[in-house]
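# Commentary on secondary and tertiary structure
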Amino acid sequence: LCLQVPELEKATVRIRQPERVREIIRSLREQGVAKLQVISDFDMTLSRFGCNGRRCPTSHNILDTSRVISEDGKKKLKDLLHYYYPIEIDPNRTLEEKCPLMVEWWTKAHELLVQQKIHKSDIAQIVRESEAMLRYGHGDFFDQLHKNDIPLFIFSAGIGDILEEIIRQANVFYSNVNVVSNYMDFDDDGVLTHFKGPLIHIYNKNNTVLQGTGYFQQLSTRTSIILLGDSMGDLTMADGVPSVENILKIGFLNDKVEERRGKYLDSYDIVLESDETLDVVNGILRYILTE
């Protein structure tokens, strides 16, 4: 397969079952473009984890650290992060334990943001001033999908308004891109009043929050899936797809690589360790899409 997808030779690539992966990729190609859809997380999956040794911001971080948040607000948001993030990544806690705590975290954070009276008109500038970066190769990724009419579903526990703006400013917000995320609601004066429901956090990215959207039902013929994520919570993003024939799960392992490698290799078909590019994904897409 490396002959057809040379990117799989990269040093960042780990695959526990190469035979199985080869089969899936072959099937994806055989099923053809008309059956393919891509489902992806956004923060630290399509966006970069780090650059020159520094962390890149998530869509929440971009807002939390921007000039529209008071110093007191920033401090409180940071305190929440320090308290809840270790819970989010704690390997010794069950999902049942984590879920209510994640709801608590997101709810408190959103309430703090609402108190800041954020203006809709500030969002584009906030993103422009931030250090948000999409992964290397994002242009190629979005372009290939758009040119071939392949739906890209971005499922994010981040802030929809911010991540849409990042994609817009990168000039890749095409008509085939669909986003489900936490969106802000503004009053007639353009001031943030609340976040629209349902709340999406890292561990409920599944069918429960998609009820009534009918998104996957409309794509019922698209039974081949490439799923991109960077956490265990992302593995359920395709749960709403009515009938999956082939699914290739590609996981970005950005952090605590040694410690989390085993778990990622158990869960994802292809694991990309500390890889800030979309090279492997683009290589696989190219192989699937060439006649």
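For every chain, the first residue of its written sequence is number 1, and the numbers climb from 1 along that sequence. Where local features are concerned, this predicted model is filtered to residues with pLDDT of at least 70; where side-chain atom pairs are given and counted, the filter is 80 or more; whole-chain, interface and lining totals use all residues. The side-chain numbers reported here are obtained from all heavy atoms of the structure, hydrogens and water having been left aside.

We count it as follows: UniProt positions are given in the numbering used here, feature names are shortened, and annotations may be inferred rather than shown by experiment.
Going by what an unreviewed UniProt entry lists, the protein chain is known as 5'-nucleotidase and is assigned to Pteruthius melanotis. The Subcellular location (unreviewed entry) field of the UniProt record for the protein chain holds the comment "Cytoplasm". According to the UniProt record, the Function (unreviewed entry) comment for the protein chain reads "Specifically hydrolyzes 7-methylguanosine monophosphate (m(7)GMP) to 7-methylguanosine and inorganic phosphate. The specific activity for m(7)GMP may protect cells against undesired salvage of m(7)GMP and its incorporation into nucleic acids. Also has weak activity for CMP. UMP and purine nucleotides are poor substrates."

### Considerations on the layout of surface pockets
Empty space left among the atoms is revealed by rolling a probe the size of a water molecule over them. Quick note on the threshold: The distinction between a cavity and a pocket rests on a 1 Å grid over the protein atoms alone: a 1.4 Å probe fits inside a cavity but cannot get out, while a pocket stays open yet meets protein on both sides within 12 Å along at least five of seven lines, and a residue with an atom within 4 Å of a point counts as lining. Grid points are joined across faces, edges and corners, and a volume is the space filled by probe spheres set on the points. Residues are grouped as follows: Ala, Val, Leu, Ile, Met, Phe, Trp, Tyr, Cys and Pro are nonpolar; Asp, Glu, Lys and Arg are charged; all remaining types, including Gly, are polar.
The space that makes up the second largest pocket amounts to roughly 160 Å³. Contributing to the lining of the second largest pocket are Val179, Val180, Ser181, Tyr183, Lys196, Gly197, Pro198, Ile200, Val209, Gln211 and Thr213. Taken together, the residues of the lining of the second largest pocket sort by class into 6 nonpolar, 4 polar and 1 charged.

### Focus: the packing of aromatic side chains
To keep it simple, the criterion reads: To pair, rings of Phe, Tyr and Trp, with the six-membered ring standing in for Trp, must have centres within 6.5 Å; the planes then decide the type, stacked if under 30 degrees apart, edge-to-face if over 60, and tilted in the middle. With a 1.4 Å probe rolled over the protein chains alone, any residue whose accessible area is under 20% of its type maximum counts as buried; one over 50% counts as exposed, and the rest are partly exposed. Any Lys NZ or Arg CZ that is within 6 Å of a ring centre and within 35 degrees of that ring's normal is treated as a charge sitting over the ring.
Scanning all chains against the criterion turns up 9 aromatic pairs. Seen from their ring centres, Tyr83 and Tyr84 are 4.7 Å apart, and the 90° between their planes marks the pair as edge-to-face. Judged by its relative accessible area of 2%, Tyr84 falls in the buried class. Pairwise contacts between aromatic rings join Tyr83, Tyr84, Trp105 and Trp106 into one cluster. Against the face of Phe252 rests Arg135, its NZ or CZ located 4.0 Å from the ring centre.

### As for the sheet that holds strand E5 (residues 152-159)
Worth spelling out the cut-off: Strand pairing is assigned whenever DSSP detects at least two bridges linking the two strands. Helical segments are the DSSP runs of H or I of at least four residues, strand segments are the runs of E of at least two, and each set is numbered from the N terminus. Residues count as neighbours in contact if any of their non-hydrogen atoms are within 4.5 Å of one another. Axis definition: a line fitted to C-alpha atoms, limited for helices to the stretch in contact. Angles are taken between N-to-C directions and run from 0 to 180 degrees.
If you walk across this open sheet you meet the 7 strands as E1-E11-E10-E9-E2-E5-E6, and the pairing is mixed. In this open sheet, the two edge strands, each paired with only one partner strand, are strand E1 (13-14) and strand E6 (177-182). Across 4 bridges, strand E10 (residues 246-253) lies against strand E11 (residues 270-273) in parallel orientation. Of the residues in E11, the one forming a bridge with Leu253 is Glu273. The strands that helix H1 (residues 18-31) touches are strand E2 (36-40), strand E9 (224-229), E10 and E11; relative to E10, the one it contacts most, it runs at about 125°. Those strands touched by helix H6 (residues 138-147) are E2, E5, E6 and E9, and its axis lies near 135° from that of E5.

### Notes on the nonpolar core
Condition: Nine residue types can take part in a nonpolar core, namely buried Ala, Val, Leu, Ile, Met, Phe, Trp, Tyr and Cys, and a core is a set of them joined through side-chain atoms within 4.5 Å. What fixes the domain bounds is an automatic or database domain assignment.
Ranked by size, the top nonpolar core spans 91 residues in total, and within it Phe141, Ile226 and Ile284 carry the most contacts. Lining this core are residues from two domains, each supplying at least three of them: domain 1 (6-51 + 133-289) and domain 2 (55-129). With residues up to four places along the chain from it excluded, the contact list for Ile226 reads Leu28, Leu36, Gln37, Val38, Ile39, Leu248, Ile250, Ile284, Leu285 and Ile288.

### Points about the pairing of E2
A large share of E2 lies buried, amounting to 5 of its 5 residues. Direction of pairing for E2 relative to E9: parallel, over a ladder of 5 bridges. Paired with Ser40 across the strands is Leu228, a residue of E9. Bridge count for E2 against E5 is 3 bridges, and the pairing is parallel. Paired with Ile39 across the bridge in E5 is Phe153.

### Observations concerning the environment of Asp279
Our working definition: We call two N or O atoms a polar contact when they sit within 3.5 Å, provided that within protein one can donate a hydrogen and the other can accept it, with sequence-adjacent residues counted only if both atoms are side-chain atoms.
Its place among the elements puts Asp279 in helix H10 (residues 279-289). Distance in space between the C-alpha atoms of Asp279 and Pro6 is 9.9 Å, their sequence separation being 273 residues. With near-sequence residues (within four places) excluded, Asp279 lies in contact with Glu7 and Lys10. A polar atom in the side chain of Asp279 sits 3.1 Å from the side chain of Lys10.

### Some thoughts on unusual backbone geometry
Cis geometry marks the peptide bond from Gly197 to Pro198; its omega dihedral reads -10°. Along the chain, Pro198 turns up in the loop between strand E8 (192-195) and helix H8 (215-218). Here the phi dihedral of Asn171 falls at roughly 60°; this positive angle occurs in a residue that is not glycine. The residue Asn171 is located in the loop between helix H7 (160-169) and E6 in this model. Note on Asn171: relative accessible area 60%, which makes it exposed.

### Some thoughts on the side chain of His201
Mapped onto the elements of the fold, His201 is located in the loop between E8 and H8. By relative accessible area, His201 is classed as buried at 3%. Side-chain polar atoms of His201 contact the backbone nitrogen of Tyr203, separated by 3.0 Å. Apart from the residues lying within four places of it in its own chain, the contact partners of His201 are Cys99, Met102, Val103, Trp106 and Ala157.

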